[in-house]
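A structural walkthrough
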Amino acid sequence: MTHFPLRSMPNASRFVPDPTRFTAVKMLYCAERQRYGLRHGLARMNDLFESSDPARSPSPQRVDETSADAAWRDTLNRTLSAVGQEDREAFAALYKMASARVFGVILRMVRDRAEAEDLLQDVFVTVWRRASAFDPARGSAMTWLITLARNRTIDRLREHRETALDEPEALAIPSEDPTPAALAEASQARQRLEACMQRLEPQQRGVVREAFFSGASYSELASRLSVPLGTMKSWIRRSLMQLKMCLEQ
Amino acid sequence: MNTPANHDDELRCAEYALGVLSAAERRELEREAGENPLVQANLHRWQARIAPLAEDAPPVEPPPRVWQRIQRDLGVAPEVRAARRAPSTWWDNLRLWRWLGLGAGIAALVLLAVNFSSLMHFGQPTAVVSPYMVAAIARQDGVTHWTATVDTRRGNMVVVPADKSVIAAGRATELWLIPPNAKPIALGVFPADQPASMALPPEILAQMGDNAMLAVSIEPSGGSPTGQPTGPVVASGTIRPA
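Residues numbered from 1 in each chain as written. Chains lettered and ligands numbered in written order. Predicted model: local features only at pLDDT ≥ 70, side-chain atom pairs only at ≥ 80, totals over all residues. Heavy atoms only, no water.

1. Notes on the overall build of chain B
Counting its secondary structure elements, chain B contains 7 helices and 9 strands. Here chain B, with 242 residues, has 48% of them falling under the buried criterion. For chain B, the proportion of contacts with a sequence separation of at least 24, taken over those separated by at least 6, is 56%. Here chain B displays about 11,600 Å² of accessible surface, and carbon together with sulfur accounts for 59% of that area. (Helix = DSSP H or I, 4+ residues; strand = E, 2+ residues; numbered from the N terminus. Buried < 20%, exposed > 50% of the residue type's maximum accessible area, 1.4 Å probe, protein only. Contact = heavy atoms within 4.5 Å. Areas by Shrake-Rupley, 256 points an atom, 1.4 Å probe, with all protein chains shown as cover.)

2. Overview of the packing of helix α3 (residues 88-110) of chain A against helix α4 (residues 64-73) of chain B
One way to put it is that α3(A) packs onto α4(B) with a least axis distance of 12 Å and a crossing angle of 150°. Between α3(A) and α4(B), the angle falls in the class roughly antiparallel. Note that α3(A) runs across α4(B); the crossing there is right-handed. Residues A:Phe91, A:Ala92 and A:Tyr95 of α3(A) form the contact with α4(B), whose own contacting residues are B:Val66, B:Trp67 and B:Ile70. Of the residues that constitute the contact of α3(A) with α4(B), the class distribution is 6 nonpolar, no polar and no charged. (Axes fitted to C-alpha atoms, helices over the stretch in contact; angles between N-to-C directions. Parallel < 35°, antiparallel > 145°, perpendicular 65-115°, else oblique. Left-handed = near helix turned anticlockwise from the far one by under 90°. Nonpolar A, V, L, I, M, F, W, Y, C, P; charged D, E, K, R; others polar.)

3. Description of a nonpolar patch on the surface
Residues and elements named next belong to chain B. Together, Trp 99, Leu 102, Ile 106 and Val 110 line one region of the surface with nonpolar side chains, adding up to about 450 Å² of accessible area. Following the sequence through the fold, Val 110 ends up in helix α6 (residues 94-122). Take Val 110: its relative accessible area is 48%, and that puts it in the partly exposed class. (Patch = residues over 30% accessible without salt bridge, like charges linked within 9 Å, V, L, I, M, F, W, Y side chains within 5 Å. Salt bridge = Lys/Arg side-chain N within 4 Å of Asp/Glu carboxyl O.)

4. Here's the deal with the confidence of the model for chain A
Residue and element names in this part refer to chain A. The predicted model of chain A averages 74 in pLDDT, with 67% of residues at 70 or higher. Every residue in residues 1-63 is under pLDDT 50, and counting partners more than four places away or in other chains gives 121 contacts. Scored below 50 in pLDDT, residues 163-173 shows 8 contacts in the model against residues more than four places distant or in partner chains. (pLDDT = per-residue confidence, 0-100.)

5. Some words on the confidence of the model for chain B
For residues with low pLDDT, the predicted coordinates do not support detailed interpretation. Residue and element names in this part refer to chain B. Model confidence for chain B is summarised by a mean pLDDT of 80, while 81% of its residues fall at 70 or above. Across chain B, element-level confidence peaks in helix α2 (residues 23-35) with a mean pLDDT of 94 and bottoms out in helix α5 (residues 78-85) with 42. Counted against residues more than four places away or in other chains, residues 1-5, with its pLDDT under 50, gives 8 contacts. Overall, residues 78-87 carries pLDDT values under 50, and its contacts beyond four positions in sequence, including any with other chains, amount to 13 contacts.

6. A closer look at the environment of B:Ala215
Residues and elements named next belong to chain B. Relative to the helices and strands, Ala 215 resides in strand β7 (residues 213-220). The class for Ala 215 is buried, based on a relative accessible area of 1%. Taking the C-alpha atoms as reference points, Ala 215 and Thr 238, separated by 23 residues in sequence, lie 8.7 Å from one another.

7. Looking at the state of the cysteines
All names here are of chain A. Considering all chains together, one arrives at 1 disulfide over all chains under this definition. The residue that forms a disulfide with Cys 196 is Cys 246, at a sulfur-sulfur distance of 2.0 Å. An S-S torsion of about -80° defines the bridge between Cys 196 and Cys 246 as left-handed. Of the two residues, Cys 196 sits in helix α7 (residues 188-197) while Cys 246 sits in helix α10 (residues 229-248), which places them 50 residues apart along the sequence. Looking at Cys 196, the relative accessible area reads 6%, which means it is buried. (Disulfide = S-S within 2.5 Å.)

As structure tokens, this is what we get:
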């Protein structure tokens, strides 16, 4: 396979044509099946509720929520897999199931409704196109969706902020730990993560949360919290490694 | 190339998943993850570790217009289907361009032969008057993947797929012009499996002389981050007058 010599030729005059100048034949999705229905997703969800195994939950008093949550996640995995097979009913079901959660995360990060809507649209269009790359063996559908949504949002934030760095940023809003009530309803993965988060220094835990929910870069976080960049990096890096060790126990 | 799962990779995957890297650092890690399955797996693990935090954000029901826009984008909303159909003129006709591309390729060969024989007869080259130039962009094994037709008068180029190409998710095909003894010039990302047309400014057109080459490399979805090809070159072909 041929490779161009890479680093030896820096800064060649670069011409990137305006992508709108490309005209391309867009495939029309089969016209005869344009109506979405929810039968599929709901039927699958009911099947799962009947067959889910209560023995999988850790504490007897939380059997119902935990198995319901596991069943919900299982359904979401199957639904996203079906979307990967270009099943449009499954796509509608997936949107019904997950859009509010995904939108909640995006909105928390960009704090601008119009932009959040734009991103949600972009994310789900990408979901339809890329769902065949989803592999349930490698991770859950919720992780896949949240990761896709956060990556898109972070990229969008970088586009804005790396051009306008002097934007007056809101004062550091401490990201608060989840309330015990909220945590009780959270997934097992979320509860485990919180147990490990609680082992971090409170300030560093706050910074990790702030980083996650703001999508801000190291330098933005440092200036927002008035901390030297090196300090910010070492706080976050140490916290991440501590979290990893704790989660792998 | 990175050694697998070293401490630096581990940290950068963690930082990527949390979302604290700059745009350039993000692109760099995405590129490495695309090339190195170990980095890719590490990144997946970190995303799975971090993603549960998202549950703390309360769900917010999006307005119905977002779903309508998604359907419109995917070309399934009924009122838009009619609108979409209208502009599918001859310009968007894949078959037409394939035949045109093929025809142009054959014409180029014929003209070459004619030129060659007239050269033999008269001992001097015949001026080529055609405003068109063509290139068959082929794999190393000779299979043509795309044909490019350049209209030098109008300053545009049409690239037509001649064979079905499968590009990995998150990757894109980028087209490069390589003038003789010069660096590749990025012409932009183009859809691998659909005909595409692009405008060529005069400074690019000027480089499209004889013996210049067109090449296609596999890049991250937004195109090469460096301005030079970063991925493997999958096909190339010399530009010839048609």
